[in-house]
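Inside the fold
One letter stands for each residue in the lines below.
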Amino acid sequence: MVEDALTQSTFPPTEDFAAQANAQADLYSQASEDRLEFWAEQARRLDWDTPFTETLDWSGAPVARWFADGTLNACDNAVDRHVREGRGDRVAFHFEGEPGDTRTVTYADMQREVSKAANGLESLGITKGDRVAIYLPQIPEAVVAMLACARVGAVHSVVFGGFSAESLRQRIDDARAKLVITADGGNRRGAHLALKPLVDAALAPSDANPTPAGSVEHVLTVKRTGQDTAWEEGRDVWWHDVVDPASEQHQPVMVEAEHPLFILYTSGTTGKPKGLFHTTGGYLTGASYSHRVVFDIKPETDVYWCSADVGWITGHSYIVYGPMINGATQVLYEGVPNAPHEGRWWEIIEKYKVTIFYTAPTAIRTFMKWGEAIPAKFDLSSLRLLGSVGEPINPAAWLWYRRVIGSDRCPIVDTWWQTETGSIMMSPLPGVTETKPGSTQVPLPGVSIEVVDDEGQPVGVEEGGYLVASEPWPSMLRGIWGDPERYQETYWDRFPGKYFAGDGAKRDADGDIWLLGRVDDVMNVSGHRLSTTEIENALVSHPWVAEAAVVGAADETTGQAVVAFVVVKSDGAGAVASGHEVAVALREQVRKEIGALAKPRTILVVSEVPKTRSGKIMRRLLRDVAEHRHVGDVTTLADSSVMDAISQGLESGK
Ligand code: 6R9
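Since this is a predicted model, take the numbers as computed values, not measurements.

1. Description of the overall build of the protein
Helix and strand counts for the protein come out as 20 helices and 30 strands. Here the C-alpha atoms of the protein give a radius of gyration of 24 Å, agreeing with the 26 Å that 2.2 N^0.38 yields for 654 residues. Within the protein, the proportion of its 654 residues that are buried is 61%. Taking contacts inside the protein between residues at least 6 apart in sequence as the whole, the part at least 24 apart equals 71%.

Structure, rendered in C-alpha cells:
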C-alpha cells in the first residue's frame, strides 16, 4: 500500500493554517504557568448567571468541585446566548434524514423549539433534578430533548437507539427515570427501525424484571416514521400534542455549577453498565474549550460535521454542547454511510461544503475497503481539518484519511478521551503540532497525562505502561450514579491520587504518546465499548448455555470483534443443534439482551472453557486462539488438554 511506506513521516502545520489558528503555541505556557487560572479563564467564556469566585475544590477528592459557587444554564449557553447576542439567524443544524428529507434549524428556531419542549416537560411534571431517559434516532428532536432537559435542570440519560429493551430497562431503573422520550421509529438502510415497541417492552414486566418500570410516569413520543404504534392511555403522549402547542417563551432554570447535567452509561469490567455522570460548569468548560482549540472552529464560516450518534459521549460533547456553545453551524445526519449508496457521506460533505469533519477509525477503514474511487467522485475541497476518535487509528488509515479525504492538505487531529473525561484530553493542536500518524501525541494545555508502570512510576522511552491523569480537570466525571465506592475503586484505587483510564500507552523518543488499547476486560468494537462479562452474562442466560467466555479479537475493520466460546448443556436442546444453529440462536440472544452492536462475530462451541486453578477464565489464551496465534504457556491452566481440544475444534472449522 502507498501508505505503508510512509509511516515514519510527520507533518508540520502549513504556514497558512498556523497563521489563522485559534490555538497558538503559547497556550501551553499559559496553562503551565497557572493551571487553575487558565481553566478559570476558559470557564469565564461561558455566560454565568452568578459568576464563580472559586476555581477548584479538591478537598473531597476524588470528587472534584469546579467553579462551585457560580450558577448558569447549559441550554442558555448553547442556544439563548447566541440569539441574545445577535446570532439568531445563524444555522445551527443542516439536518439530513436518511430518506433524503432535510431541515434547516437556526439558533433562533432552536430557541423556540427548546422553549416549547421545556414547557412541555414541565407540563409533564419534570423539574430540576428529575431524570429523563432519551431513546431517539439522530434527528433534531434528540438535540432539542437533551437541551430542554438541561433548560429545566433535569438530568438526561441518553440511551443509544441500538440498545435493546433489556438494556434500556436497566438504565431506566438505575437512574429511576421519570420520563422516557422516544420516537415511533427511525430510518436505517431504507427500512423503518421501530423504537417505541422497545420502550413498551422495556417498561412492561418481563422474566428478568417481573414488575413494570415503576419510576416512569410518561412516554413522550416523536412521530418520525409514521409506523403503527401501540398506545397506553394516560402514560403515552405525543410530542406534537405536548410540545408543539406549548409556549415559545421559557425562562431557563439557573443551576449551580456542580448540578448534574447528564448520566451516560458505559460498559465496565463487570456485567453492570456504569452510569457515569457529569455536572454543568466544568463539563461545559471542557467541551467548549477543547472544541475551539482542537477543531479550530470559526463559527461564522465553518460547517462542522461530527458523524457520531448523540447516544455516545462524542455526540454529547462534540455535537450538542461543545459546538453549540461555540455557535457552530453543523451537519446532523440520521443514517448509515452506505444508504442509499457508499458515497453518501462524501455527497453530504459536498452538498453542505463541510469544512471540519470528525469521525472514527472504523469508518475510515470501511471506506478504505470500499475503495478510493468512491470519495473521488465528490468535491471535498471545502474540507480544511479532519478528526479521529474512538480507538487507536493505525498509521495506514491515518495516511489514507489525509491523502484521500484531506487531499494531503488538511491537518488531522487524533483525539484521545473517554466518556469519563467528558472532553478531549490528548490531541495535536492544528496549526501548532507537527502531526504523527498513529499517535495522539500530547495532552491539551491544562491537562496532565502520564504513562506509569505497575508502581505508578513514569515509564522510559518505548516502554509500555498505564495511562493516568495526574491532576483533576474541569470536565472529569463526578462519579458513578448511586455507587460512589465503585467510582473510587474503578478509577482511583489503582494509583492513589491519579485517575486510572484503563488504557495502555507508551511514549516515543520525542515524548509523544501512543495508545495501546484497553488493559481491562473492556473491548473496543467499532469504537464502542463492550464488556466481556456483560456479553458472557447474556449468553449464559440462554437455556442452552452452560458456560461462556468472550474475548475481543483483532479485526481489520472494526478494530476488535467479539468472539465467544460457549459450552452447551448436554441435557438441553442445544446439545443436538448444529454449531450453526447454536450460533444463530445465541447471536439473537445477545441482540435481545444488549443490542445488535454486541452480537458476536464468531461463536465457537467448545467442550470446556480454559480456566486457571483459581477458576478465572484465561482470556489471553482464548484471544490467541481467536486470532489464530500459537497458544503459548498453558501451565497455569487447570486442565491443559482443554486448549488442544479448542484449537483442534477451530482448525476443523467447527
Ligand atoms: C470518546 C470515546 C473510550 C475508550 C478509551 C480508549 C478508546 C478513544 C481514542 C482511543 C486510541 C484514540 N479511545 N479515543 N484509543 N486513540 N484517539 O471514544 O469514549 O466510548 O468512553 O471510549 O476508547 O480505549 O479508553 P468512550
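Once you've had a look at it, read on.
2. Focus: the packing of aromatic side chains
Aromatic ring pairs are defined here through the distance separating the ring centres and the angle between the ring planes. Tallied over the full model, the rule gives 37 aromatic pairs. Plain terms: the ring middles of Trp 48 and Phe 52 are 4.9 Å apart, the flat faces sit at 65° to each other, and that makes the pair edge-to-face. Accessibility classification places Trp 48 together with Phe 52 in one group, the buried group. Ring centres 5.9 Å apart and planes at 85° place the aromatic pair Trp 345 and Phe 357 in the edge-to-face group.

3. Regarding the environment of Gln 42
Note on placement: Gln 42 falls in helix α3 (residues 35-43). The spacing of Gln 42 and Asn 77 is 35 residues in sequence and 14 Å in space, taken between C-alpha atoms. Not counting residues up to four positions away in its chain, the partners in contact with Gln 42 are Thr 285, Tyr 289 and Arg 292.

4. Considering the site of the ligand
Residues in close proximity to the ligand total 18 residues, the closest being Asp 414, Thr 415, Thr 419, Arg 518 and Arg 529. Gly 390 has a polar backbone atom sitting 3.1 Å from a nitrogen atom of the ligand. Note that a nitrogen atom of the ligand is positioned 3.4 Å from one of the backbone N or O atoms of Pro 392. When the ligand sits alone it has 530 Å² of accessible area, and the protein chains cover 96% of it.

5. Quick look at the UniProt feature "binding site: ATP" (unreviewed entry) in the protein
Here, the residues flagged by UniProt with the feature "binding site: ATP" (unreviewed entry) are Gly 390, Glu 391, Pro 392, Asp 414, Thr 415, Trp 416, Trp 417, Gln 418, Thr 419, Asp 503, Arg 518 and Arg 529. In this structure, Glu 391 sits in the loop between β19 (385-388) and α15 (395-405). When residues no more than four places from it in sequence are discounted, the contact partners of Glu 391 are Pro 361, Thr 362, Arg 365, Asn 524, Ser 526, Gly 527, Thr 558 and Gly 559. Position of Arg 529 among the secondary structure elements: in strand β27 (residues 528-531). Every residue in contact with Arg 529, bar those within four places of it in the chain, is listed here: Thr 266, Ser 267, Lys 274, Gln 418, Thr 419, Glu 420, Arg 518, Val 522 and Met 523.

6. Regarding the sheet that holds strand β17 (residues 329-333)
Strand order in the open sheet made by the seven strands is β5-β4-β17-β16-β18-β19-β20, with mixed pairing throughout. In this open sheet, the two edge strands, each paired with only one partner strand, are β5 (102-106) and β20 (412-414). Strand-to-strand, the axes of this sheet are offset by a mean angle of 15°, without reference to chain direction. Alignment of strand β4 (residues 91-96) against β5, held across five bridges, turns out to be antiparallel. Paired with Phe 93 across the two strands is Val 105, which belongs to β5.

7. Some thoughts on the pairing of strand β8 (residues 179-183)
A large share of β8 lies buried, amounting to five of its five residues. Two strands pair when backbone bridges link them, and strand β6 (residues 131-135) and β8 are joined in this way by four bridges, in the parallel orientation. When the bridges of β8 are listed, Tyr 135 appears paired with Thr 182. Relative to strand β11 (residues 218-222), β8 runs parallel, the two being bridged by five bridges. Each bridged residue has a counterpart across the sheet, and for Leu 179 the counterpart in β11 is His 218.

8. Some remarks on the confidence of the model for the protein
Keep in mind that low pLDDT regions are not for reading the predicted coordinates in detail. Per-residue pLDDT for the protein averages 93, and the proportion of residues at 70 or more is 96%. Taken element by element, the predicted model of the protein shows its lowest mean pLDDT in helix α20 (residues 641-651) (68) and its highest in strand β3 (residues 71-72) (99).

9. Brief notes about the side chain of Ser 475
Mapping Ser 475 onto the fold places it in the loop between β22 (464-469) and β23 (479-480). Within the local environment of Ser 475, its side chain forms a polar contact with the backbone oxygen of Thr 421, the two atoms lying 2.7 Å apart. Within the structure, Ser 475 has its side chain in polar contact with the side chain of Ser 423 (distance 2.8 Å). Apart from the residues within four sequence positions on either side, Ser 475 is in contact with His 278, Gly 282, Tyr 283, Gly 286, Glu 420, Thr 421, Gly 422 and Ser 423.

10. Observations regarding the pattern of salt bridges
Throughout the structure, instances matching the rule amount to 45 salt bridges. In this structure, a network of salt bridges that share partners links the residues Lys 196, Asp 200, Glu 232, Arg 235 and Asp 236.

11. What about the packing of helix α5 (residues 107-123) against helix α6 (residues 140-152)?
Packed helix pairs are specified by the crossing angle of their axes together with the interaxial distance, meaning the distance between the axes. The contact between α5 and α6 brings their axes to 8 Å, and the two run at 65°. The two elements α5 and α6 meet at a crossing, and its hand is right-handed. Residues Met 110, Glu 113, Val 114, Ser 115, Ala 117, Ala 118, Leu 121 and Glu 122 of α5 form the contact with α6, whose own contacting residues are Val 143, Val 144, Leu 147, Ala 148, Cys 149, Arg 151 and Val 152. Residue composition of the contact of α5 with α6, by class: eleven nonpolar, one polar and three charged.

Rules and cut-offs
- Residues numbered from 1 in each chain as written.
- Predicted model: local features only at pLDDT ≥ 70, side-chain atom pairs only at ≥ 80, totals over all residues.
- Heavy atoms only, no water.
- Helix = DSSP H or I, 4+ residues; strand = E, 2+ residues; numbered from the N terminus.
- Rg over C-alpha atoms; globule rule 2.2 N^0.38 Å.
- Buried < 20%, exposed > 50% of the residue type's maximum accessible area, 1.4 Å probe, protein only.
- Contact = heavy atoms within 4.5 Å.
- Phe/Tyr/Trp six-rings, centres within 6.5 Å; stacked < 30°, edge-to-face > 60°.
- Near = heavy atom within 4 Å.
- Polar contact = N/O pair within 3.5 Å; in protein donor to acceptor, adjacent residues only side chain to side chain.
- Areas by Shrake-Rupley, 256 points an atom, 1.4 Å probe, with all protein chains shown as cover.
- UniProt positions renumbered as here; feature names shortened; annotations may be inferred.
- Pairing = 2+ DSSP bridges.
- Axes fitted to C-alpha atoms, helices over the stretch in contact; angles between N-to-C directions.
- pLDDT = per-residue confidence, 0-100.
- Salt bridge = Lys/Arg side-chain N within 4 Å of Asp/Glu carboxyl O.
- Left-handed = near helix turned anticlockwise from the far one by under 90°.
- Nonpolar A, V, L, I, M, F, W, Y, C, P; charged D, E, K, R; others polar.

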